[in-house]
Amino acid sequence: MRNPMILWLCLAASTFRTSVEYDGLINALTRVFAHNHVQTVTATTCWPTDANSRLLLALSSADISVNFRPSLIPVHATWYRYGILVDVSCSVQIPTTLFRKASKHRLFNMQNDWILINSRRNESRVMNTSAIALETFEMHLSEAYVLPESNVFLFIDTASGWEIWEGFKVGKMERIQVNRHGMVTSDGIYFEKNDSISFKSNLRGITLKATTVISEPSKFKGFYPFADTDLDTFAQMHYDLNVILQDQLNFKIDLSIVNSFGWDMGNASFSGLTGQLQREECDFSGIGAFMRNDRMTVIDYTVGTFYRQAAALFKQPPLSSVHNICILPFKFEVWMVTLFTFIGFTILIAFLSRMTRRFKKGEVETLNILDSVTIVHGAICQQGYTMNLNAGSIRVAIFVLFLTAVFLFTSYSASIVALLQSPSNSIRTTNDLVESSMTFSAQDNPYNDVYFGETDDPLLRKLYDKKMKPHGTQKFTLASAGIARIRTEFHGFMIDFVSAYKLISQLWLEEEKCGLSEIQLFKLPMLALAVVKRSGYKDILKQKLIQQQEVGLKNRIIRRWIPAKPMCDSSNRANQFVSVSIKEIYPMLQIYGFGLCISIVILFFEIAYNVYTDRSENLHSNTYFSIFRFMYNKR
């Protein structure tokens, strides 16, 4: 009995001693996972049961959940940090299968922290740790998708603690690069200062494939400043960003060109640029593409680069075509006061004339009520009168009348001149645009047709069906043709601001820029550089693009390529002579027509009255002579 008991105690002591040997590693792992804010860890080990229990207890005390089944590793993107612990000293088949699954589903990313250990190897005493790290990474991850975005670390046991080494590949076909990331000791964790960031940001001159979109290939002459094309301005702007990216990350671009950003073909595949990224024929897009829900299923986006703003540009209709400008100079209350004032002068002049005639019975010239109306009307029109009035009171009244009319006429004429040259502000919403008599078209660019076809806004659908669809192929036209129609017609044109501002600045006169209005029909999503789904370059591209924005490089590109909005020079416009068209004098022509018709009607009434009077006099004369003849014959 003694021998079996001794054997059992020896085995128990050996097992306890073996489990205790893992304590240093478990403490180091717990510190690293907690420091990286990992919430769940999947452990793939071949440790003793007691060692796994110690690992579970240590991680649970740090509020980190643990499971020991590699099949539970989520293949989708989680919203929390995930940790995967792999003991590469276990059976070769287990790590190999796990790494293949991770490469297939692109699990080597910023959200998953991979930690590799070799619990059965302790060669750091006799070998260089960098050689151990390189050998381990090449042995297990040489075929894996471990690009700069990955977080794959190797723990190597040393005399002073556990060294942390990281490994990645700058390209899918490149060799593994290793770098010392930090050190875990009994005192804490020590990381290399900024060494990891700079190490991963150096792609060591590899060539990355990119694709850009050129909408007007016939006008494209290459990437250089001030290109002779409007639609491809954003391709030029993004090319400048890419050139800076090459310097920041130390890589070369193999750039190809397509003529479409790519749309869903209905069979879960895309055409154009999006299709190439979906099939991984290129690494990233050389131009920013719109962030759309359908594209997000097959590609990823980095960060926004530029806004492609578009709006309906048009000239507001003249004020005379919307309102009667003859009544606009004065407000309603001013018109009422003016009316009562001139009515008062009419009554006053008639009253003074009546009273003067009573005191001066010898006077021949008298003013009736119609004469008073004529005098007041002449004062309003600055015409004067022809009567010689001897009464001082009437002269004073007429003097005050004309003085009042002068002030009113001066204010009226000054205001009407400004109104004749002023545009209206009658079209301010999409509904106003739809209900107006304005014709409408849109720029022939890669997205207008799609967005007008996809919109569920009833006003935009009505605009498209009422003003664009009946024109067939002419509903989408070149920017130059649309801007020319705005200049010469009552026409609205949906166009990119980049194209519009450039053409207006080059072709329009300063006074023609006044009255130009714009209505944003739909909000376009921001442009962003796209990468393949779960790309290993997404994060480093994002970091460098953000850096370009922070230091002002992106704003410099915007100022270089996007022209400023044309401004109306009011001082220059004031010096320009603006001819009055038939629209402005149309109300006066109406008054002329009404007055002419009324005068003719009154003429007919006068003729009828004179005929009636003549007949009445003739009838009275005939009756008198008949009586006289009757009396004469009777005698």
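Here the structure is a predicted model, which is why all the values come from computation and not from measurement.

Description of the packing of aromatic side chains
- Inspection of the entire model under this criterion finds 16 aromatic pairs.
- Ring centres of Phe-497 and Tyr-501 lie 5.2 Å apart, and the angle between their planes is 5 degrees; this geometry places the pair in the stacked category. Of the two residues, Phe-497 and Tyr-501 both sit in helix 18 (residues 497-507), 4 residues apart, roughly one turn of that helix. Side by side, Phe-497 and Tyr-501 carry an identical accessibility label, which is buried.
- Stacked on the ring of Trp-263, the Lys or Arg Arg-295 has its end atom at 4.6 Å from the ring centre.
- Lys-315 extends its terminal NZ or CZ atom over the ring of Trp-508, reaching a point 5.1 Å from the ring centre.

Description of the pairing of strand 5 (residues 151-157)
- Most of strand 5 is tucked away, with 6 of its 7 residues classed as buried.
- The pairing of strand 5 with strand 6 (residues 162-169) spans 5 bridges and is antiparallel. Considered in strand 6, the bridge of Asp-157 is made with Trp-162.
- Where strand 5 hands over to strand 6, the hairpin turn is made up of 4 residues, of which Gly-161 adopts a positive phi near 155 degrees.

Things to note about the pattern of salt bridges
- Throughout the structure, instances matching the rule amount to 19 salt bridges.
- Across the salt bridge formed by Asp-113 and Arg-81, the nearest N and O atoms sit 2.8 Å from each other. A residue pair is termed long-range when its members are at least 10 positions apart, and Asp-113 in strand 4 (residues 112-117) and Arg-81 in strand 3 (residues 81-87) qualify at 32 residues.
- The class of Arg-81 is partly exposed, set by a relative accessible area of 27%.
- Residues Arg-308 and Asp-496 are paired through a salt bridge, measuring 2.9 Å at the closest nitrogen-oxygen approach. In this pair, Arg-308 is assigned in the loop between strand 13 (299-304) and strand 14 (310-315) and Asp-496 in strand 17 (residues 491-496), connecting sequence segments 188 residues apart. You'll find Arg-308 and Asp-496 in the same group, each marked buried.
- Within the structure, one salt-bridge network assembled from shared partners comprises Asp-23, Asp-50 and Arg-54.

Side note on the state of the cysteines
- Within the structure shown, the criterion is met by 1 disulfide.
- Put simply, Cys-46 and Cys-90 are joined by a disulfide, and their sulfur atoms are 2.3 Å apart. Its torsion about the S-S bond being -100 degrees, the disulfide of Cys-46 and Cys-90 is classed as left-handed. Placement of Cys-46 in the loop between strand 1 (38-44) and helix 3 (49-61) and of Cys-90 in the loop between strand 3 and helix 4 (93-104) is noted, with a sequence separation of 44 residues between them.

Side note on the nonpolar core
- Core analysis: the largest hydrophobic core is formed by 61 residues, its most contacted members being Phe-108, Trp-114, Leu-116, Leu-141 and Leu-203.
- Here Trp-114 is in contact with Ile-84, Val-86, Leu-98, Phe-99, Ala-102, Leu-107, Phe-108, Asn-151, Val-152 and Phe-153, once residues within four sequence places are set aside.
- Judged by nonpolar contacts, the second largest core, of 31 residues, contains Ala-310, Tyr-447, Met-468 and Val-498.

A closer look at the confidence of the model for the chain
- On average, residues of the chain carry a pLDDT of 81, and 83% of them reach 70 or more.
- Contacts from residues 6-17, a stretch scored under 50 in pLDDT, to residues over four places away or in other chains number 1 contact.

What about the environment of Val-66?
- Within the secondary structure, Val-66 sits in strand 2 (residues 65-67).
- For Val-66, a relative accessible area of 18% translates into the label buried.
- Spatially, the C-alpha atom of Val-66 lies 6.2 Å from that of Leu-56, the residues being 10 residues apart in sequence.
- Setting aside anything within four residues of it in sequence, one finds Val-66 in contact with Val-41, Leu-56 and Leu-59.

Reading guide: rules and limits
- Residues numbered from 1 in each chain as written.
- Predicted model: local features only at pLDDT ≥ 70, side-chain atom pairs only at ≥ 80, totals over all residues.
- Heavy atoms only, no water.
- Phe/Tyr/Trp six-rings, centres within 6.5 Å; stacked < 30°, edge-to-face > 60°.
- Helix = DSSP H or I, 4+ residues; strand = E, 2+ residues; numbered from the N terminus.
- Buried < 20%, exposed > 50% of the residue type's maximum accessible area, 1.4 Å probe, protein only.
- Lys NZ or Arg CZ within 6 Å of the ring centre and 35° of its normal.
- Pairing = 2+ DSSP bridges.
- Salt bridge = Lys/Arg side-chain N within 4 Å of Asp/Glu carboxyl O.
- Disulfide = S-S within 2.5 Å.
- Core = buried A, V, L, I, M, F, W, Y, C linked by side-chain atoms within 4.5 Å.
- Contact = heavy atoms within 4.5 Å.
- pLDDT = per-residue confidence, 0-100.

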